[in-house]
Amino acid sequence: ELKKEFTRTLTADNPHAPQNIVRYSFKEREYKLVEHMDQTAIHFSLNGNMIPKDSDEGRRQSIRSSIEAEKAPVETAAETSEEAEIKEEQTGDTEEEGEGEEEGEATVEEPEAAEAAEAAEAEEPPPPKVPEKKLANQFNFIERASMTPQNPLRERACQSEPLPSENFSANVNQWDIYDAYVEELEKMEKAKEKEKSKPQAVKREEEKRGVRKLSQVEPQHIDPMTRVAKAAKIAERMVNLNTFDDIAQDFKYFEDASDEFRGQQGTLLPLWHFQYDKTKKLAVTAISWNPKYKDLFAVGYGSYDFMKQGHGMVLLYSLKNPSFPEYVFSSNSGVMCLDFSSDHPHLMAVGFYDGNVAIYNLKKATSQPIHKSNAESGKHTEPVWQVKWQKDDMDNNSNFFSISSDGRIVSWTLVKNELVHVDIIKLSAEGMMQGPEGLQLQTLGCGTSFDFHKKIDYLFLVGTEEGKIYKCSKNYSNQFLDVFEAHHMAVDTISWNPYHLKVFISCSSDWTIKIWDHTIKTPMFIYDLNSAVGDVAWSPYSSTVFAAVTTDGKAHVFDLNINKHEPLCTQLVVTRKKNKTTHIQFNPVYPIIIVGDERGLITSLKLSPNLRKMPKAKKGQEVKKGPEVEMAKLEKLLSLVREPESK
Amino acid sequence: MEETEEEKKDEADYKRLHSFPLIRHSDMPEEMRIEAMELCVTACEKHATNNESAAKMIKEMMDKKFGSSWHVVIGEGFGFEITHEVKNLLYMFFGGSLAVCVWKCS
């Protein structure tokens, strides 16, 4: 895309001349489009002082100069004789001067009369000589002239904005006036009556209202901030784009060329970091992308530490503005999980550490949830580890499921603005305990994660703290369809493969990731990552690619198609010590992943091309795209693994 | 005859008793409105018989105080359609039978 060519043509038009100026015409009292714009751009202008010879002024000047030129030869001769005389007799007598003048005149006449030829000759050279002749004078005058510096003139034009004007019309007659007065009197009487019954303050209010009805209310003053809000938001995003321009370029266009040399390994290119002051002490407990707006994601903040429980927050960030979250919600208790509803992308379900669930509506401006459960309405008694929206039920009510350490999976339905809960399943652990007074208590397992099948609506998987995975159905509330002895420690995340209908992945704090086929009791693939795995996610574009984060701050990306045993990329995402990465999510559209950690920081990383490989087409074959291909890919891999087992 | 005369007197009295200035429509700011209203009342009382001179007085005072090109109409029965600058219109009743319309438009 970067190599696209843009053509530019050179025209004689002035590119700086505006093309669609609208000017207010006072005559017509409206704004009119100025059609023809002057295209000339004046770069330099100088006012000269040359006059054409043939113009009036030129002719006048030339006449003047020629008269002077005629006098000139005559006078030059006179001058020289005068000067000679003056030099000889320097006692400047007026008589002598007068004589000198007369003599000068006499001498003038003589050459004219006697020697015309000489005069003619004398006449010719003088005109080219000195057109303007300064009259020499007998007194020793010195002329001096000076002119103050003159500022050059500039033209400036301006037109003021037209005053806003409105039309108004009315009709007035005698009866109209009468009616108005009668109405006013009635109002005043009513006001007086109410004054007797109510205190004075009320009366004043009514008078004000009365006055307002007569004289129409002035237009409301909109808070200046709200008017600017939208523009400010756009400006903020533009500034961010400029600041992070190189990151934005990387995000869009950069493909790591060194991947070709790296064999099968890939890298993760860090892009933006998302941070917020108030969440610096909180850990990221949940990340979720919005199904509708591909650049919006929600992050839940809370604390995994049992001892240190504080408040929680939910921040919604947009990729377009990495410096500040778009929405901020805070809550008393730590947020443990959140999920966007795919039917209603503005609804967000949140599960808290204190067992409550809440629904936030992004369309409304409040920072509080629109619905919240409480002790009466059946909240959990333990932290809620995961919430997931379901499709709208038959009455078109949105509903979601939540799972918690208290062993209950609860379905919450939004019925007429209230949250109604229904216990779906109680996870019973094996064995009955003997309680006091001989009661048989059923121990409940602690659920830590669940996931619903994409196609088979009623089927879902539950992971527990004991490391077991239960396959359950919404229809059977007491019994499980199946049990997998999955891990030795709590199952942190379970996820169905987005393409293949039978495969799911699970990760746990016992350092392993396991991939299963739900019809087979033992895992297909096991990966040991040397550190507790916080979260694992399938990629949305390929059925064989998944990523995981571990508590040592590393992100691992696997592609089963390329390398079944080792990750394609293991990269340290967070640099500070004692910072554990807690969650990871793929963006459904762009090739980026976001990773959250314990310090409230979200890092976005771009997947290098090696990590995104589509299967190469054999020569002559078409490259098929689509879920079928993905399923087939995985099926092939699984069959390889299954066959030795079946043997 | 006497009764009708009395009735007429009653009516006239009735109107004059309730002849306080009644603003019908205005989009002026508060202070300007009050000032304009008082000015109109003064002018109409002063030139109770001659609408034109009352209007002249109002117009000149408004021009001095608030800027040029004010227009004033005083009468007992008329209809109008005007274009006025925003926040510069006052339309009120006074004296039981007079209507005054004051607006600015350059």
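About the thresholds
- Residues numbered from 1 in each chain as written.
- Chains lettered and ligands numbered in written order.
- Predicted model: local features only at pLDDT ≥ 70, side-chain atom pairs only at ≥ 80, totals over all residues.
- Heavy atoms only, no water.
- UniProt positions renumbered as here; feature names shortened; annotations may be inferred.
- Helix = DSSP H or I, 4+ residues; strand = E, 2+ residues; numbered from the N terminus.
- Contact = heavy atoms within 4.5 Å.
- Buried area = accessible area lost by both parts, 1.4 Å probe.
- Salt bridge = Lys/Arg side-chain N within 4 Å of Asp/Glu carboxyl O.
- Polar contact = N/O pair within 3.5 Å; in protein donor to acceptor, adjacent residues only side chain to side chain.
- Buried < 20%, exposed > 50% of the residue type's maximum accessible area, 1.4 Å probe, protein only.
- Pairing = 2+ DSSP bridges.
- Axes fitted to C-alpha atoms, helices over the stretch in contact; angles between N-to-C directions.
- pLDDT = per-residue confidence, 0-100.

As annotated in an unreviewed UniProt entry, chain B carries the name Dynein light chain and comes from Furnarius figulus. You can read under Function (unreviewed entry) in the UniProt record for chain B the words "Force generating protein of respiratory cilia. Produces force towards the minus ends of microtubules. Dynein has ATPase activity." Recorded under Subcellular location (unreviewed entry), the UniProt text for chain B is reproduced unchanged: "Cytoplasm, Cytoskeleton, Cilium axoneme".

As recorded in an unreviewed UniProt entry, chain A goes by Dynein axonemal intermediate chain 1 and comes from Sclerurus mexicanus.

All right, on to the UniProt feature "repeat: WD" (unreviewed entry) in chain A then. Here the UniProt feature "repeat: WD" (unreviewed entry) sits at residues 484-517 of chain A. Segment residues 484-517 of chain A splits into 0% helix and 59% strand. End C-alpha atoms: 11 Å apart.

Time to look at the interface of chain B and chain A. One frequently used descriptor of interface size is the decrease in accessible area upon assembly of the parts. At the junction of the two partners, chain B supplies 38 residues and chain A supplies 27 residues. When the two sides are added together, the surface that chain B and chain A hide from each other amounts to roughly 2900 Å², 56% of it contributed by carbon and sulfur. Scanning the region where chain B abuts chain A turns up one salt bridge. Among the ionic pairs, Asp176(A) bridges to Arg24(B), the shortest N-O distance being 3.7 Å. Across the contact surface, chain B and chain A share 10 residue pairs in polar contact (both at pLDDT 80 or more).

Residues and elements named next belong to chain A. Of note, Lys-233 is situated in helix α7 (residues 224-243). Taking relative accessible area as the criterion, Lys-233 reaches 41% and is therefore assigned partly exposed. Residues Lys-233 and Asn-321 lie 88 residues apart in sequence; the distance between their C-alpha atoms is 9.4 Å.

Turning our attention to the sheet that holds strand β20 (residues 459-464) of chain A. Residues and elements named next belong to chain A. Spatial strand order, β19-β20-β21-β22: four strands in an open sheet with antiparallel pairing. Strands at the two margins of the open sheet, each flanked by one partner only, are β19 (447-452) and β22 (482-485). Strand-to-strand twist of the sheet, defined as the mean angle between neighbouring strand axes without regard to direction, takes the value 20°. As paired strands, β19 and β20 are joined by five bridges and run antiparallel to one another. Bridge assignment links Phe-452 to a residue of β20, and that residue is Phe-460.

What follows concerns the environment of His273(A). Residue and element names in this part refer to chain A. On the secondary structure map, His-273 appears in strand β4 (residues 268-274). Among the residues examined, His-273 registers a relative accessible area of 43% and is labelled partly exposed. Taking C-alpha positions, His-273 is 6.9 Å from Pro-322, a pair spaced 49 residues apart along the chain. Ignoring any residue separated from it by four or fewer positions in sequence, one finds His-273 in contact with Pro-322, Leu-601, Ile-602 and Thr-603.

Here we come to the confidence of the model for chain A. All names here are of chain A. A residue-level look at chain A finds 77% of positions with pLDDT of 70 or above and a mean pLDDT of 75. Considering only residues more than four positions removed or in separate chains, one finds that residues 210-219, a stretch of pLDDT under 50, has 17 contacts. Within the model, the stretch residues 617-625 combines pLDDT values under 50 with three contacts to residues more than four positions away or in other chains.

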